[in-house]
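# Summary of structural features
What follows is the residue order along each chain.
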Amino acid sequence: MISQMNFFLLTGLLIFGIGALGLLIRRNLIICFMSIELMLNGVNLIFVTFSHYLQSAVGVLYVLFIMALAAAEVAIGLAIILLIYRLKGTVDMDSLNTMKG
Amino acid sequence: MANFDFLSISPDLVLIAFAVLFLLMGSFSRTPGVHNYNMLSISAFSLAILFNLLLFGSKRFGFYDMMLYDELAGIFRFIFYGIGIIVSLMSDPYIEGKIKHKGEYYALIILSIVGMSFIATSYDLIMLVLGVEAMSLSVYILAGMFKHDEASAEASIKYFLLGAFSTAIMLLGIAFVYGTVGTTNYSLIVQNYNKYLHGGIQTGIFLFGVAAILAGVLFKIAAVPFHMWTPDVYEGAPTSVTAFMISGVKAASFFMLIRVFLIALKVAVFNFVDIMVFISIITMTLGNIAALTQRNIKRMLAYSSIAHAGYMLIGFVALNKTGLAAIVFYLIAYALMNLGAFAVLVLLEEKGKDLEHVSGCGFLYPFLGLMMTIFMFSMVGLPPTGGFMGKFYVFKGALEAGYLWLVIIAVLNSAVSAYFYLRVLVYMFFEKPIDAGGALRTSSATVTTALVLTSVGILFLGIFPQFFFEITTKYMTYLP
């Protein structure tokens, strides 16, 4: 029987893994970008779990910081993707082939 | 109230004030084009250096043990601010006309350097993450600063996706370290590890977390197997930004490696020495071999920066005082020679980016030729340059730790690297120019100043190495 703490930890790891896999295999920049957010949220779940079972508030504070970081990354990432769309007319990763060697 | 030690972050506060001022000037000024952001940013960094000089020598904990300002952090602050000055000097003629709001460019450089400085003074893993993000987020934007250049936008998105990926992995590692030792404070991690973890699955999870943090740091350093982004990003980004990334971000990442792994995670560092030996060898070999076939000079220097990261990791593998102090010395020399080489490229870039385009430039522009000779000699590691002494001290540290075979591999690698560094000089001096030449449009007093500063610095490091090496050895107090 899987304990409650391990259940939450494994869920967090699973979300993180789905995000990592999505980043590596999907070709659409927006989807890749969402995958990164998924990874960060998986980390958040792990932090909350540890924080609850260790009876320590530091982990929850971490979650707030990570949310702020994720928001900053959204602002910058979407701006860059918009820039790519303006220049190339597509957000497909295979169009990023200007440089070789 | 003593915990709010604003004095210890006063240089950063000055820089933040200037960055905010730049952004406001861009928004509210009626004549946005005329301001001399270049000189303002240099004075900001000079002021920060002055404040840091007043602080230097003290050891201060602050912000409820979130920060520790010690001498080595002070030295690294000098390095970062110095890099800021040289990058500001070489940027202005290059971005002229290509970036509409120059204030944003300089504000982002300043904010990125504030992030680096926070990495240098961090004493808690959360401060480290915030510093890394402040540094990286600014550089993501800087890499895409040329909005009409496809290569620049590509560099930006590639750096962003992979950088965010590495941050997520690093955060996962921090989560596991926090879960097993119950704290993220550097000194408490060591205490709690000794108190609570005695083998078993808990220690296994702790080591997994440390490995994930190491992966995140190695990504920023651009060590193999986390180097794939380096060539594309360094080639595509604006040349002055590449110079900043290749020197500043790399120096900050190496200090992150030293600080985190020798203060907080020193209980675990010996578990990773073997794999670091392997990573160091494969990093320098792959970097040098890939650089052999490059025609684009920026791309060649990108691969060479991977190789240099390999050499510096030897000092980390040695894990003794000489080796670690040598990393700091090497970083100073490495930053100077890369900034110098990129300052030359900034001027020559209007001719083109490939080796053919610089042919004949050595005699057409004797000053640039002389400067490039100094920087390339330093990159190969020929005396009397800083690059030579840096390699010498790193290898000395490795020999003291008994890694003779590692030193032999590194020396063979240096011999290979001579081919592609000196080929640049062969093209510059022994090939016929492809066009009639004439004066470069962008000859500029500020870039010349940057070239003189870096070359004098490199020769000083090469001829009087003792001066700096004694300082770095004296203050290298982080030992496993």
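See the structure above.
All of the points below concern the structure found in this document. This one's a predicted model, so the numbers in the text were calculated from it and none came from an experiment.

### Concerning empty space enclosed by the protein
Residue and element names in this part refer to chain B. A full pass over the atoms with the stated rule returns three cavities of 30 Å³ or more. If you add up the space inside the largest cavity, you get close to 60 Å³. Together, Ile297, Lys298, Leu345, Leu348, Glu349, Gly352, Lys353 and Val358 line the largest cavity. Elements that contribute at least two residues to the lining of the largest cavity include exactly helix H12 (297-318) and helix H13 (321-348).

### Considerations on the packing of helix H3 (residues 71-95) of chain B against H13(B)
Residue and element names in this part refer to chain B. Closest axis-to-axis distance for the H3/H13 pair is 10 Å, and the angle between their directions is 5°. Viewed along their axes, H3 and H13 adopt a mutual orientation that is roughly parallel. On the side of H3, the interface is formed by Ile75, Phe76, Ile79, Ile83, Ile86, Val87, Met90 and Tyr94, while H13 contributes Val328, Leu331, Ile332, Ala335, Leu336, Leu339, Phe342, Ala343 and Val346. Per-class residue counts for the contact of H3 with H13 are 17 nonpolar, no polar and no charged.

### Concerning the layout of surface pockets
All names here are of chain B. Roughly 650 Å³ of volume is contained in the largest pocket. Residue lining of the largest pocket: 21 residues in total, with Phe78, Ile79, Gly82, Ile332 and Phe468 positioned closest to the centre. Every element with two or more residues in the lining of the largest pocket is listed here: H3, H13, helix H18 (445-463) and helix H19 (465-475). Considering each element in turn, the lining of the largest pocket owes the most residues, seven residues, to H3. By residue class, the composition of the lining of the largest pocket is 18 nonpolar, three polar and no charged. Of the volumes computed, that of the second largest pocket is approximately 480 Å³.

### What about H18(B)?
Residue and element names in this part refer to chain B. Over its 19 residues, H18 extends 27 Å from the first C-alpha to the last, a length consistent with the 27 Å expected when each residue adds 1.5 Å. Within the span of H18, buried status applies to Thr446, Val447, Ala450, Leu451, Thr454, Ser455, Gly457, Ile458, Leu461 and Gly462. All buried residues of H18 fall inside an arc of 165° around its axis, so they share one side.

Analysis parameters
- Residues numbered from 1 in each chain as written.
- Chains lettered and ligands numbered in written order.
- Predicted model: local features only at pLDDT ≥ 70, side-chain atom pairs only at ≥ 80, totals over all residues.
- Heavy atoms only, no water.
- 1 Å grid on protein atoms, 1.4 Å probe; cavity = no way out; pocket = protein on both sides within 12 Å on 5 of 7 lines; lining within 4 Å.
- Points joined across faces, edges and corners; volume = space filled by probe spheres on them.
- Helix = DSSP H or I, 4+ residues; strand = E, 2+ residues; numbered from the N terminus.
- Axes fitted to C-alpha atoms, helices over the stretch in contact; angles between N-to-C directions.
- Parallel < 35°, antiparallel > 145°, perpendicular 65-115°, else oblique.
- Contact = heavy atoms within 4.5 Å.
- Nonpolar A, V, L, I, M, F, W, Y, C, P; charged D, E, K, R; others polar.
- Expected span 1.5 Å × (residues − 1).
- Buried < 20%, exposed > 50% of the residue type's maximum accessible area, 1.4 Å probe, protein only.
- Arc of directions from axis to C-beta.

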